[in-house]
Amino acid sequence: MYFIPQPKFIKEQEHTSSNTASGYIATNAGALLEGELKRFGSSAACVEDCGLYYAILSSEKSITLPELPAELDDSAVRKDGFYLNAGENGLQIVSRHPRGVLYGWQLWKQLAADETNFFGTVIDYSDTAFRAFHMDMRYGFPKFERMLSIIDELSAYRYNKFILEYENRFPYQKHTDITDPLHFTPEQVGEIQAYAAQRFIEIIPLQQTIGHLEYMLKLPQYYHLREMRNFPETDKPYGFNSVGFKHYNDIDEICASNEDAYAVVESMLDEMIIAHPDSSYVHLGCDEAWNLLSCKKCIEKFGVNGANRLYAGHINRMAGKVLAAGKTPIVWDDMLRHFTDSELEQLDKRIVIMIWLYYESNYKLAKQLTQRLCNAGFTVIGAAASKCGEGPEPQYLDMPWYELRMGNVNMWGRVCAEDGIDGFCMTVWSNYSGTIAPPHPFFDTIWYPVLFAAEKMWNLDAVSDGFDERFASSFFGVEGAALFHGSTATRFKCIERVCRECKRHSYEAEVIRAMELTSIYRLKALAIGRELYKLNMDVTQAEKNIIRNRAHEVNAMREELKPLVRGIVAKYYSESDADVFVRSRFDADEALMQKYLS
Ligand SMILES: [Zn+2]
């Protein structure tokens with residue numbers, strides 16, 4: 001059996017006894033562990049206080065803790081490490097931080113899960129301290145229980161930060177009209193944080209403040225706060241950007257000269273800060289605000305070349321609010337890439353800059369940006385993508401391009417190792433460009449790259465070769481399944497086997513199976529869709545019959561997929577989310593086929 005992350009040092013001992021002794025229990029590493037230990041004994045063991053955190057199962061009442069190995073020094077990055085010793089006298093897990101004890105306990109449970117009762121020692125520690133997961137709620141609103149189970153997964157794979165981009169799922173009190181009917185209650189926002197905190201995961205709220213405010217600016221009552229009021233006139237009736245004349249649309253950005261717009265975003269930011277009292281960071285977003293300086297007022301105020309000055313002023317202003325609340329602001333890096341040294345100098349150096357680059361081929365750029373920003377005095381964290389890095393390419397609309405995703409993780413691991421940055425964030429984008437865009441691959445297609453990122457952040461020298469078998473072993477409990485290799489048919493056979501044999505995560509296996517099929521459907525629908533014109537032309541009946549037969553195969557496949565995909569989405573999301581997802585996949589080509597076949 002494989003473990004994710006792979007322990008750094010693991011040494012198994014021969015043993016005759018079949019079970020770890022228990023009876024006496026003790027821990028000082030939090031209520032969660034206390035609850036778990038109670039399944040193994042009810043009598044409290046006496047443990048000598050030596051300033052460490054521990055979890056103990058023992059046949060003896062009085063316990064002397066083992067000394068920590070030299071590898072587990074008190075540097076910040078090694079604090080999450082643990083020493084585990086399991087033998088005939090019981091189990092001892094010790095760490096400098098309660099989080100380390102939890103990780104040791106989770107490993108021990110994994111060791112026990114497949115009935116390979118483990119006697120021996122483990123020394124394990126992380127190579128990075130900032131191990132973040134991110135998700136946005138632009139498309140889809142997971143049920144509350146699902147949010148909690150996602151946090152359980154993150155904890156099991158040792159993520160310690162969770163950047164939560166609520167979008168309009170946050171219960172804004174002053175601007176209630178911004179909040180979607182499907183949203184977290186204030187109590188749920190608190191419960192999510194408490195649940196994560198018990199698992200030593202910090203929730204970092206993300207509140208956009210300049211761009212990507214589609215969820216607000218699409219509402220008529222906020223139109224007047226937009227930066228772009230009209231689409232620009234061009235000499236051709238089309239633009240060369242894949243998504244329109246300007247980079248996105250006219251509802252992305254607020255006008256930076258409009259104090260009414262600031263009053264709204266600052267009020268939203270204040271609420272976000274207050275609702276996360278224990279978060280040490282607040283992510284301010286501030287990415288992809290490419291349409292700034294589109295309005296006359298802004299051009300007058302900042303000058304035609306004043307975009308960077310406008311932007312620097314904005315993030316200093318927003319960061320000031322976060323810093324005043326005793327927290328550290330984070331911003332995405334993309335708008336700073338073309339800043340001069342003197343423009344960078346104008347920014348508050350307490351801002352953490354998160355560089356998002358989603359391809360292995362970005363390695364050189366990632367290093368350049370990292371070094372430049374570090375030299376300028378900023379703390380830098382990386383960001384990789386588990387899906388959506390492919391953009392709106394149709395063949396990756398239903399499944400992430402895993403090969404690229406793994407390469408992306410490898411790239412950030414390399415930059416962390418070479419340039420000493422302390423971790424990265426694994427992003428999960430629900431769609432490509434803001435609240436109004438259609439959903440991209442379904443959430444639960446992410447776990448393969450997400451677990452590899454967990455492995456990489458813990459062990460910077462981890463390799464992606466063979467990781468799919470390790471993933472199948474650890475995540476599904478199925479051995480010898482090279483899940484994401486070979487032809488489409490081979491892969492499909494493999495995921496079918498995993499669906500039949502899996503010991504855990506059967507839902508996620510079913511998601512991959514359904515979405516691999518949807519992916520196959522997508523390519524068929526595209527290929528056959530472009531042949532349909534022949535049905536309206538003067539070609540032989542034999543040609544028309546071939547096209548009709550192909551189209552009927554696509555139709556049959558779609559009818560089989562629709563209820564399957566709907567069921568998968570509806571299990572953890574709302575009925576309306578399921579409806580949106582199914583329509584986004586099938587509506588348009590169903591209408592097209594009907595038009596030609598009728
Ligand atoms: Zn403006």
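Every chain is numbered independently, its residues counted from 1 as its sequence is written. With pLDDT at 70 or above as the cut-off, local features in this predicted model cover only qualifying residues; side-chain atom pairs require 80 or more to be listed or tallied, and sums for whole chains, interfaces and linings still use all residues. Note that water and hydrogens are dropped before the side-chain values are worked out from all heavy atoms of the structure.

Some points on the domain arrangement of the chain
Each domain span listed reflects an automatic or database assignment of domains. Domain parsing of the chain yields domain 1 (9–124), domain 2 (130–465) and domain 3 (505–597). Measuring from the centre of the C-alpha atoms in domain 1 to the corresponding centre in domain 2 gives 38 Å. Put simply, buried area is the surface a 1.4 Å probe can reach on two separate parts but cannot reach once they are joined, added for both. Carbon and sulfur atoms make up 51% of the surface buried where domain 1 meets domain 2, a total of about 1,100 Å² over both sides. Counting the surface domain 1 buries against domain 2, the share from its top three residues, Leu32, Arg99 and Tyr103, is 44%. We count a salt bridge whenever a side-chain nitrogen from Lys or Arg sits within 4 Å of a carboxyl oxygen from Asp or Glu. Where domain 1 meets domain 2, there are two salt bridges. Salt-bridge contacts for Asp124 lead to Arg158; the nearest nitrogen and oxygen are separated by 2.9 Å. Here a polar contact is taken to be a pair of N or O atoms separated by no more than 3.5 Å, where protein atoms must pair a possible hydrogen donor with a possible acceptor and residues adjacent in sequence count only if both atoms sit in side chains. Applying the counting criterion to the domain 1 and domain 2 interface returns six residue pairs in polar contact (both at pLDDT 80 or more).

With respect to the environment of Tyr596
A run of DSSP states H or I qualifies as a helix once it reaches four residues; a run of E qualifies as a strand once it reaches two. Both are numbered from the N-terminal end. The residue Tyr596 is located in helix α17 (residues 575–597) in this model. Each C-alpha atom of the pair Tyr596 and Leu532 lies 6.7 Å from the other, and the pair is 64 residues apart in sequence. The residues contacting Tyr596, other than those within four sequence positions of it, are Leu532, Tyr533, Leu535 and Asn536. It only takes one pair of heavy atoms within 4.5 Å for two residues to be counted as in contact.

So, the packing of helix α6 (residues 259–274) against helix α8 (residues 307–324)
Every axis corresponds to a line fitted to the C-alpha atoms, with the helix fit spanning only the stretch in contact, and the corresponding angles, defined between N-to-C directions, vary from 0 to 180 degrees. Contact geometry of α6 with α8 gives a least axis separation of 10 Å together with a crossing angle of 35 degrees. Crossing angle aside, the handedness with which α6 passes α8 is right-handed. For the pair α6 and α8, the contacting residues are Glu259, Tyr262, Glu266, Leu269, Asp270 and Ile273 in the first and His314, Arg317, Met318, Lys321 and Val322 in the second. Its residues placed into classes, the contact of α6 with α8 shows five nonpolar, one polar and five charged. Should the near helix be turned anticlockwise from the far one by less than a right angle, the crossing is termed left-handed; should it be turned clockwise, right-handed. Side-chain classes follow a simple rule in which Ala, Val, Leu, Ile, Met, Phe, Trp, Tyr, Cys and Pro form the nonpolar group, Asp, Glu, Lys and Arg form the charged group, and the remainder, Gly included, forms the polar group.

Remarks on the pattern of salt bridges
For the structure on display, the rule yields 38 salt bridges. The salt bridge involving Glu501 is made with Arg497; its shortest N-O contact spans 2.8 Å. Of the two residues, Glu501 and Arg497 are both situated in helix α14 (residues 488–501); the distance of four residues between them amounts to about one turn of the helix. Judged by its relative accessible area of 39%, Glu501 falls in the partly exposed class. We classify Arg497 as partly exposed; its relative accessible area is 22%. Of the charged contacts in the structure, one is a salt bridge between Arg522 and Asp589, with a shortest N-O distance of 3.9 Å. Taken together, the residues span a long stretch of sequence, with Arg522 in helix α15 (residues 506–529) and Asp589 in helix α17 at a distance of 67 residues. Residue burial is assigned from relative accessible area. The probe radius is 1.4 Å, only protein chains are included, and a residue is buried under 20% of its type maximum, exposed over 50%, and partly exposed in between.

A look at the pairing of strand β8 (residues 90–95)
Burial analysis of β8 places six of its six residues in the buried class, the great majority of the element. In β8, alternate side chains face the same way, and those of Gly90, Gln92 and Val94 on one face and Leu91, Ile93 and Ser95 on the other are all buried. For two strands to be treated as a pair, DSSP must find at least two bridges joining them. In the sheet, strand β5 (residues 53–58) pairs with β8 via six bridges, with the strands oriented antiparallel. Bridge pairing links Leu57 to Leu91 in β8. As paired strands, strand β7 (residues 82–87) and β8 are joined by five bridges and run antiparallel to one another. Following the sheet pairing, Tyr83 is matched in β8 by Val94. Hairpin geometry of β7 and β8 is characterised by an intervening segment of two residues between the two adjacent antiparallel strands.

Describing the sheet that holds strand β1 (residues 9–12)
Taken together, seven strands build an open sheet; the order of strands is β1-β9-β7-β8-β5-β2-β3 and the sheet is mixed. The two strands at the open ends of the sheet, each matched to only one other strand, are β1 and β3 (43–44). Relative to β5, strand β2 (residues 24–27) is paired through four bridges, and the arrangement is antiparallel. The residue of β5 that forms the bridge with Thr27 is Ala55.

A closer look at the sheet that holds strand β11 (residues 161–165)
An order of β12-β11-β10-β17-β16-β15-β14-β13 is seen for the eight strands of this open sheet, with the pairing classed as parallel. Because the sheet does not close on itself, it has two edges, and the strands there are β12 (202–205) and β13 (281–283). Shown here is a sheet whose adjacent strand axes are inclined to one another by a mean of 25 degrees, direction ignored. The pairing of strand β14 (residues 328–332) with strand β15 (residues 352–356) spans three bridges and is classified as parallel. Paired with Trp332 across the two strands is Met354, which belongs to β15. Across the sheet, α8 is in contact with β13 and β14; its angle to β14 comes to roughly 150 degrees.

What about the coordination of the zinc ion?
For Na, K and Ca the donor cut-off is 3.2 Å, and for all other metals it is 2.8 Å, counting N, O and S atoms only; because water is absent from this set, sites may look incomplete. Looking at the zinc ion, the protein donor atoms are Glu227 (OE), Cys255 (SG), Cys295 (SG) and Cys298 (SG), and they sit 2.1 to 2.3 Å from it. Taken together, the four donor atoms coordinating the zinc ion and their angles of 104 to 117 degrees define a geometry best described as tetrahedral. Along the chain, the residues donating to the zinc ion fall in the pattern E-x27-C-x39-C-x2-C. Pair noted here: Glu227 is in the loop between α5 (214–217) and α6 and Cys295 is in the loop between β13 and α7 (296–302), with a separation of 68 residues, a long-range link. Just to be clear on the cut-offs, tetrahedral is four donors with all angles between 85 and 135 degrees, square planar is four donors and octahedral six with opposite donors over 155 degrees apart and all others between 65 and 115, and anything else goes down as irregular.

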